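Chains, contacts and geometry: an overview
Each chain, written out:
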Amino acid sequence: MENQKKRWVYTPHKISIWRSIGYGINDMNGASWGTLVGSYLMFFLTTYGKLSAAAVGMLFLIGKFLNAIMSMLAGSISDRLYSTKIGRRFGRRHLLLLVGAILTILFFPMLFMVVPGSFWWYLIAFVMVETANVIIGTAYETLATEMTPNADDRVKMSSIRLFISAFATFSVSALPATLLAFLGEGAQAYTISGIVFGVVYAICTLITYRSTWEHSPEEVENFESANGSNSGEKENSFIGSLRDYWEMLRNKSARYMVSIYFMTYFAKDCFSTAFLYYVVFVLGLSQTIGQGITSLSFVGMIVVPIAAFILIKTKNPKINWSTSFSLIFIVMAGFFVLSLQRSHLGSGTTIIFLIILGVLWQIGRQFLEYTAWQVIPLVPDVDTIVSGKLRTGTFAAVQSFTRQLTGALGSALLGFILQWGGFQEGSLHQTAQAQNAILIVLIVVPIISIGIAWWMVARFNLNQQTHKILHNEIDRLQGGGNKDDVDPQTKSIVEDLTGYKWDKIWNTTK
């Protein structure tokens, strides 16, 4: 057992800028994949893969549903891998990163090969790439929590991660836009992009694999056994896994964070999936212009340090979220007005307005994503003070499941609504009803989703300050402190964050 502690995968280091870059570079994979599916995969499949909009919607729904189930299994498996020989050797999180990188480089390019009308080819490729992203994402979302308990270090790591994420989002649109300009508007630009991205994503995941660390098996066993919650035979069962998920979602902060995450990312996915259709079929502009507007996501690289400064200064994510939601509402109104006035504006004026709205969207989107990923690593600690367990993987699985669900519903919704609107695959001219269907997904659904999320944010109080108080209380209780000696302010904050009365907190059997 002593030798296990000496493995690099269990050896902590100072959270330096370079170490944070090594941690964050995996988001070249995660952020790009979500953006890619939303921005042009569906367009590629309906235009060049010759699948109907309904078939693509069904493909996404099946693939995302299967991998939503996989994400739940991956979290449970990840939390328990330390009890296996291979899990101890490679790390229960890092083993999943390694497997995911291999799957990515094998299957990603397949998704962008032109195999006209082959639903099964694209379904298998999509499911395998989704599987790679699920197991990578489930492992990855645990790392910030396990690498350091310090909220400021986590902000540093996540800020760099989100900067890389903004670059990744930009590159997903910039490369196809550049290739479309040079090669012409055809499938070749998308195929080349798919091959390049598959290789780059796998390399980025491997860099993160080697740059990060996790809790050692001894740390997990000692922590949970000290609290009377060490995983025994009962907890290793399937019923035990379901119990973990149920307990996690009974926690107020976890429940609210998952709901906010679902609503905001569902809105983002719907908008991103419908945007290229909006540019081409509602405004009558080219794919190159649509991809060019999407590539304005480089603005996110400028927004990240601003969002980080505001969050570090105020330690209040509600300000960032409100900024994001306000900008998104303005953008939605702008795109609706532009759709009404397109016949009265020349193409040059339309493009100018499109650029302005595109920039505002990217600012609002980046504020949204940055804020979510600063709060998410804090949530597992809120579960720990109730359960006495280190279930970071369980929350990562719940979050991954949510992300799969938003992607599935966003893409499927557009596919089914387009089919209802009479969208004709492969045609560059669509009916007014098909155009209205695009506007419903682009504007109406995101407005409703963001409105619900804003209501929830107002009632969500997990931030750097309250997390520090909560974490200090975990340390006090773990050190043998008496529950009855809790500070009244700490008690009130912990009860608000968890949704449990104090007598249910740290309810472990010694």
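Residues numbered from 1 in each chain as written. Predicted model: local features only at pLDDT ≥ 70, side-chain atom pairs only at ≥ 80, totals over all residues. Heavy atoms only, no water.

With 26 residues, helix α19 (residues 432-457) ought to run about 38 Å at 1.5 Å a step, and its terminal C-alpha atoms sit 37 Å apart, in line with that. The axis of α19 is deflected most strongly, by about 35°, at Ile-440. (Helix = DSSP H or I, 4+ residues; strand = E, 2+ residues; numbered from the N terminus. Expected span 1.5 Å × (residues − 1). Bend = angle between axes of the 7 residues up to and from the residue.)

Residues of the chain with pLDDT of at least 70 account for 87%, and the chain-wide mean is 81. Here helix α1 (residues 2-5) stands out as the element of the chain with the lowest mean pLDDT, 46, in contrast to helix α15 (residues 317-341), whose mean of 93 is the highest. The model gives residues 231-237 a pLDDT under 50, and that stretch makes twelve contacts with residues more than four places away or in other chains. (pLDDT = per-residue confidence, 0-100. Contact = heavy atoms within 4.5 Å.)

On to the pattern of salt bridges, then. Enumeration according to the criterion identifies eight salt bridges in this entry. Two residues, Glu-369 and Arg-365, come together in a salt bridge whose shortest N-O distance is 2.9 Å. Taken together, the residues span about one helical turn, with Glu-369 and Arg-365 both in helix α16 (residues 347-375) at a distance of four residues. Arg-365 matches Glu-369 in its accessibility class, with the two residues each being buried. A salt bridge links Arg-476 to Glu-473; the shortest N-O distance between them is 2.6 Å. A residue pair is termed a helical-turn pair when its members lie 3 or 4 positions apart in one helix, as Arg-476 and Glu-473 do in helix α20 (residues 464-478) at three residues. (Salt bridge = Lys/Arg side-chain N within 4 Å of Asp/Glu carboxyl O. Buried < 20%, exposed > 50% of the residue type's maximum accessible area, 1.4 Å probe, protein only.)

A word on the packing of aromatic side chains. Within this structure, the stated rule accounts for 20 aromatic pairs. Aromatic pair Phe-108 and Phe-112: ring centres 5.9 Å apart, planes at 35°, arrangement tilted. Cluster of aromatic residues (ring-pair linked, three or more members): Phe-44, Tyr-48, Phe-108, Phe-112, Phe-197 and Tyr-201. Above the face of the Phe-90 ring, Arg-89 is positioned so that its terminal group lies 5.8 Å from the ring centre. Directly above the aromatic system of Trp-8 lies the positively charged group of Arg-210, at a separation of 4.2 Å from the ring centroid. (Phe/Tyr/Trp six-rings, centres within 6.5 Å; stacked < 30°, edge-to-face > 60°. Lys NZ or Arg CZ within 6 Å of the ring centre and 35° of its normal.)

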